[in-house]
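Now for the letters of each chain:
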Amino acid sequence: MDFLVLTLFPGMFSGFFSLGVLGQAVADGRINALALDIRDHALGRHKTADDRPFGGGSGMVMKPEPLSAAVREARERLPVAPVVLLSPQGRRFSQEMARELAAAPGLILVCGRYEGVDERFVEKDVDLAVSVGDYILSGGEPAAMIVMDAVARLVPGVLGNDESALTESFETGRLEHGHYTRPRDFEGDEAPPVLMSGHHLMVEKWRRETGLLRTLVRRPDMLETGLTKEEIAQLVAWSERIAGLIASQTVRGAHSSSGPEPER
Ligand code: ADE
């Protein structure tokens, strides 16, 4: 997989391309990653890449000519790779989109800065605009890193078998159970004993159930489609326990709201 990033800050990518999972994939030759400086394509003595917006207003706009020239150079290097603009106005990035992009023959990622990029560049040169979430970054660079990280993990051989399993478990659409390691007792807080029981089936059951509970509490939207039979049985069991608990209680404070005011 080839990544070509067009940015005004190529230096931001030197650590990203040389460390961690991506750094190893680059060293192994599974990923080629390069950041090109858009300013190299800017004209004039000052190599200006931005200008004031037509119509007035605050902030600066990235000029179309350096962007377009940088894309031309990128297309010479990667002729069939889609041009992806990182923009808060783009399609929301997701694991599903990461899978789609991982199937592409490389990616040309364009990082905007300032108020945005000239619209004529977007219309002429951009195949897909991608947002990494509903918040505004100072530039597309951290967004491009998010996209490359998630895509690289899906390139065959980039992850070892252990880590691949982690990716698969997220792709089931459920949050994962919590993770624990030594010490057993951390400042009086014990790791769940079932994990030390050596009972593989019980460990698996605990992981499935606590993952489902986390998903229910933290991301109920993820449960809106595709419940398995086992998950339905688990949810029914929990709701029956909750209903039983409620039925067995007398409501605390019930008298004070319906009865007479307490004497002062
Ligand atoms: N540039 C600025 N904010 C962004 C976002 N949320 N996603 C992608 N690119 C961006």
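Above this note sits the structure.
Each value, and the rule that gives it
- Residues numbered from 1 in each chain as written.
- Predicted model: local features only at pLDDT ≥ 70, side-chain atom pairs only at ≥ 80, totals over all residues.
- Heavy atoms only, no water.
- Axes fitted to C-alpha atoms, helices over the stretch in contact; angles between N-to-C directions.
- Helix = DSSP H or I, 4+ residues; strand = E, 2+ residues; numbered from the N terminus.
- Parallel < 35°, antiparallel > 145°, perpendicular 65-115°, else oblique.
- Contact = heavy atoms within 4.5 Å.
- Nonpolar A, V, L, I, M, F, W, Y, C, P; charged D, E, K, R; others polar.
- Near = heavy atom within 4 Å.
- Polar contact = N/O pair within 3.5 Å; in protein donor to acceptor, adjacent residues only side chain to side chain.
- Areas by Shrake-Rupley, 256 points an atom, 1.4 Å probe, with all protein chains shown as cover.
- Phe/Tyr/Trp six-rings, centres within 6.5 Å; stacked < 30°, edge-to-face > 60°.
- Buried < 20%, exposed > 50% of the residue type's maximum accessible area, 1.4 Å probe, protein only.
- Pairing = 2+ DSSP bridges.
- Core = buried A, V, L, I, M, F, W, Y, C linked by side-chain atoms within 4.5 Å.

Draft legend 1. Layout of the packing of helix 4 (residues 95–102) against helix 6 (residues 141–152). Contact geometry of helix 4 with helix 6 gives a least axis separation of 9 Å together with a crossing angle of 75 degrees. Taken together, the axis directions place helix 4 and helix 6 in an arrangement best described as roughly perpendicular. Touching A98, L101 and A102 of helix 4 are V147, A150 and V151, all from helix 6. Residues of the contact of helix 4 with helix 6, tallied by class, amount to six nonpolar, no polar and no charged.

Draft legend 2. Spotlight on the site of the ligand. Neighbouring the ligand are the residues L86, S87, P88, V130, S131, V132, G133, Y135, I136, L137, G139 and A143. Within the backbone of V132, an N or O atom sits 3.0 Å from a nitrogen atom of the ligand. Between a nitrogen atom of the ligand and a main-chain N or O atom of G133, the distance comes to 3.1 Å. Protein chains bury 96% of the 260 Å² of accessible surface belonging to the ligand in isolation.

Draft legend 3. Highlighting the packing of aromatic side chains. According to the stated counting rule, one finds three aromatic pairs in the structure shown. Summarising the aromatic geometry, the rings of F16 and F17 are spaced 5.8 Å apart at their centres and angled 45 degrees between planes, so their arrangement reads as tilted. Given a relative accessible area of 11%, F17 falls into the buried group. Taken together, the ring pairs in this structure connect F13, F16 and F17 into an aromatic cluster.

Draft legend 4. Region of interest: the sheet that holds strand 1 (residues 2–7). Read across the open sheet, the five strands follow the order 2-1-6-5-8; overall the sheet is parallel. In this open sheet, the two edge strands, each paired with only one partner strand, are strand 2 (32–37) and strand 8 (128–131). Across the sheet, the mean angle from the axis of one strand to that of its neighbour is 35 degrees, orientation sign disregarded. In this structure, strand 1 lies alongside strand 2, joined through six bridges in parallel fashion.

Draft legend 5. Expanded view of the sheet that holds strand 4 (residues 61–62). Reading across the sheet, the three strands line up as 3-4-7 and stay open at both edges, with mixed pairing between neighbours. The strands lining the two open edges of the sheet, one partner per strand, are strand 3 (50–51) and strand 7 (116–117). Sheet topology note: the strand 3/strand 4 ladder contains two bridges and is antiparallel. Paired with D50 across the strands is M62, a residue of strand 4.

Draft legend 6. Main features of the nonpolar core. Counting 32 residues, the largest nonpolar core has F3, F13, I31, F93, L109, V147 and M148 as its most contacted members. Mapped onto this core, the elements with two or more residues apiece are strand 1, helix 1 (13–18), helix 2 (20–27), strand 5 (83–92), helix 4, strand 6 (107–111), strand 8 and helix 6. Among the elements that make up this core, the one with the highest residue count is helix 6 (eight residues). In contact with F93, not counting residues within four places along its chain, are A98, L101, V130, S131, V132, I146, V147 and A150. With 21 residues, the next largest nonpolar core counts M62, L78, A81 and F121 among its residues.

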